[in-house]
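What follows is the residue order along each chain.
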Amino acid sequence: MEIARFATPNGTESTRCEACLWRCVLHHNTTGRCNMRTAGPEGIVMHNHGMISGATVGPVEDHRLWHFFPDTVVLSVGSWGYAFPVDQERGGYGAIPTDPAKQRILEPERVASFALNQLCRGVVWSFSEPAVSAEYVLDVLRASRASSRYTAITTTGYLTMEVLNSFGPYLDGISFDLRGFGDTAYQRLAGVPHWQDILEIAARARRYWNIHIEITTRMHHGVNDDPKELRSLVNWIRKTLGEQTPWHVLPGDAGTGAAAAVFRARRLGHAGGLQFIYGSELNQPTQCPRCHNTLITRNKGVVRMVGLEGGACNNCGFEPYLRTSIFKAKPLARAAESGEADKAAS
Ligand code: SF4
């Protein structure tokens, strides 16, 4: 059993887990809310370390990353465990199977070499919450980057700043599951009382680490579709992450109420200045927000960058928010902290 690195002693009798935002204080022989970590005399033991729940090969667009290495194939891997109680109740990948034959281990280096052998341009952490497998995810990101694969995670954002900062140098993209913009919505849809720190995680990822972010929100009528909260959500995306940040707005359930909520949310998003909003319809293209030229087509799973030349619209020259290279420009926020922005300005 591996001992957690994202943990600090809390007196002599307990240890604080620093992987997700619960920051559980665990006394010996007690297990955290995720059911994946138990404190012992040596520290916190991780039950899911190195385990994978699935590994699939497919288009990166499946992860609602539509402006991120378009038309590339990724290896998607994930483990077991969620941070949100609501997700745990739903089942899925929340519990390690009791059958030892299903407790599969995959070394991080083998994840990377498998991606290479399958001609995958990147590796995406999916299925489970990366925060509760933070140590393993970090090793997978490092190994994947060492073999020149791009990297991304799908997350609820419920990870600590320590974990984000460890991922930062090796992480290119985040598919960010933002469930709403209010206490009641987060209590109902995630089961957490405090959610605002999630916003700090997204802001830091974008501004300091220059990680590409796409936001997904599933609409639940009467839960997270309050117009005032949605306006705040849209404003936050625009001001913090940028007006070109893609926002994927999907129905949270099959009811007509959810479909109407999606329609209203998309309208609010456009009115609030977001330039790329997507729904659940098939074959949605990406259009230039300036001249409406079609930049990217998506047709039955086939993605084509038809209206782009050198990353810009081939009709009007507009440069859309797209990530197509693993070489990241150093963002201004990080340059400012290291004093480079001042030097450059003087
Ligand atoms: S990963 Fe989160 S829920 Fe699990 S023990 Fe650590 S702080 Fe608690």
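Here the structure is a predicted model, which means the values were calculated and not measured.

What counts, and where the lines are drawn
- Residues numbered from 1 in each chain as written.
- Predicted model: local features only at pLDDT ≥ 70, side-chain atom pairs only at ≥ 80, totals over all residues.
- Domains from an automatic or database assignment.
- Contact = placed C-beta atoms within 7 Å.
- Nonpolar A, V, L, I, M, F, W, Y, C, P; charged D, E, K, R; others polar.
- Core = buried A, V, L, I, M, F, W, Y, C linked by C-beta atoms within 7 Å.
- Buried ≥ 20, exposed ≤ 12 C-beta atoms within 10 Å, placed from the backbone.
- Helix = DSSP H or I, 4+ residues; strand = E, 2+ residues; numbered from the N terminus.
- Pairing = 2+ DSSP bridges.
- Axes fitted to C-alpha atoms, helices over the stretch in contact; angles between N-to-C directions.
- Parallel < 35°, antiparallel > 145°, perpendicular 65-115°, else oblique.
- Left-handed = near helix turned anticlockwise from the far one by under 90°.
- Expected span 1.5 Å × (residues − 1).
- Arc of directions from axis to C-beta.

Engineer: Help me understand the domain arrangement of the protein in this model?
Structural biologist: Interfaces are often sized by the accessible area lost when the parts come together. The domain architecture assigned to the protein consists of domain 1 (2-46) and domain 2 (51-282). A separation of 25 Å is found between the C-alpha centroids of domain 1 and domain 2. Contacts between the two partners involve 14 residues from domain 1, matched on the other side by 15 residues from domain 2. Residues of the side of domain 1 that touches domain 2, tallied by class, amount to 9 nonpolar, 1 polar and 4 charged.

Engineer: Can you walk me through the nonpolar core in this structure?
Structural biologist: Soluble globular proteins tend to bury their nonpolar side chains together. By size, the foremost hydrophobic cluster in this structure holds 89 residues, and its most contacted members are Ala 19, Cys 20, Val 123, Ala 131, Val 140 and Leu 159. Per element, the largest residue contribution to this core is 6 residues, and it comes from helix 3 (residues 134-146). Domain assignment of the residues forming this core places at least three in each of domain 1 (2-46) and domain 2 (51-282). If near-sequence neighbours (up to four positions away) are discounted, Leu 159 is found in contact with Cys 20, Leu 21, Pro 130, Ala 131, Ala 134, Leu 164 and Ile 201. Cys 288, Leu 295, Leu 308 and Cys 313 belong to the second largest nonpolar core, which has 5 residues in total.

Engineer: It is not clear to me how the pairing of strand 5 (residues 37-40) should be interpreted in this structure. Could you clarify?
Structural biologist: Look at any regular strand and the pattern is simple: side chains alternate between the two faces of the sheet. Burial along strand 5 is one-sided: the face carrying Arg 37 and Ala 39 is buried and the face carrying Thr 38 and Gly 40 is not. Alignment of strand 5 against strand 6 (residues 43-46), held across 4 bridges, turns out to be antiparallel. Within strand 6, the residue paired with Gly 40 across the bridge is Gly 43. Between the end of strand 5 and the start of strand 6, which pair antiparallel, lie 2 residues.

Engineer: What should I look at first to understand the sheet that holds strand 4 (residues 25-27) in this one?
Structural biologist: By definition, the strands of a sheet pair up through backbone hydrogen bonds, in either a parallel or an antiparallel sense. On the basis of which strands lie adjacent, the open sheet formed by 3 strands has the order 2-3-4 and antiparallel pairing. At either margin of the open sheet sits one strand with a lone partner, and together these are strand 2 (7-10) and strand 4. Geometrically, the sheet is characterised by an average inter-axis angle of 30° between neighbouring strands, direction not taken into account. One ladder, built from 4 bridges, connects strand 2 with strand 3 (residues 14-17); its direction is antiparallel. In the sheet register, Asn 10 faces strand 3, and the bridge partner there is Ser 14.

Engineer: Help me out: how do you make sense of the packing of helix 2 (residues 108-117) against helix 3 in this one?
Structural biologist: Any two packed helices are characterised by the angle at which their axes cross and by the distance between the axes. For the pair helix 2 and helix 3, interaxial distance at closest approach is 8 Å and the crossing angle is 40°. With respect to helix 3, the axis of helix 2 lies oblique. Pair helix 2 / helix 3 crosses with right-handed handedness. Judged by residue contacts, Pro 108, Glu 109, Val 111, Ala 112 and Ala 115 of helix 2 engage Asp 139, Val 140, Ala 143, Ser 144 and Ala 146 from helix 3. Looking at the contact of helix 2 with helix 3 residue by residue, the class counts come to 7 nonpolar, 1 polar and 2 charged.

Engineer: Can you walk me through the pairing of strand 6 in this structure?
Structural biologist: For strand 1 (residues 2-3) and strand 6, the ladder comprises 2 bridges, and the chain directions are antiparallel. If you follow Glu 2 over to strand 6, its bridge partner there is Met 46.

Engineer: When you look at helix 8 (residues 256-271) in this model, what are you seeing that I'm missing?
Structural biologist: The α-helix advances 3.6 residues per turn, and as a result positions three or four apart in sequence lie on the same side. Taking 1.5 Å of rise per residue, 16 residues should cover 22 Å, and helix 8 covers 23 Å from first to last C-alpha, within 8% of that figure. Within helix 8, burial applies to Ala 258, Ala 261, Val 262, Ala 265 and Gly 269. All buried residues of helix 8 fall inside an arc of 105° around its axis, so they share one side. With respect to the buried face of helix 8, the exposed residues turned more than 90 degrees away are Thr 256 and Ala 271. Gly 273 sits one or two positions beyond helix 8 and adopts a positive phi of about 100°.

Engineer: Got a minute to help me understand unusual backbone geometry in this structure?
Structural biologist: The general pattern is negative phi for most residues beyond glycine and trans for most peptide bonds. Positive phi, close to 45°, is recorded for Phe 69, a residue that is not glycine. With respect to the helices and strands, the residue Phe 69 is situated in the loop between strand 8 (54-59) and strand 9 (73-78). Among the residues examined, Phe 69 registers 22 C-beta atoms within 10 Å and is labelled buried. Even without glycine at this site, Asn 283 takes up a positive phi of about 60°. Positionally, Asn 283 belongs in the loop between strand 16 (277-278) and strand 17 (286-287).

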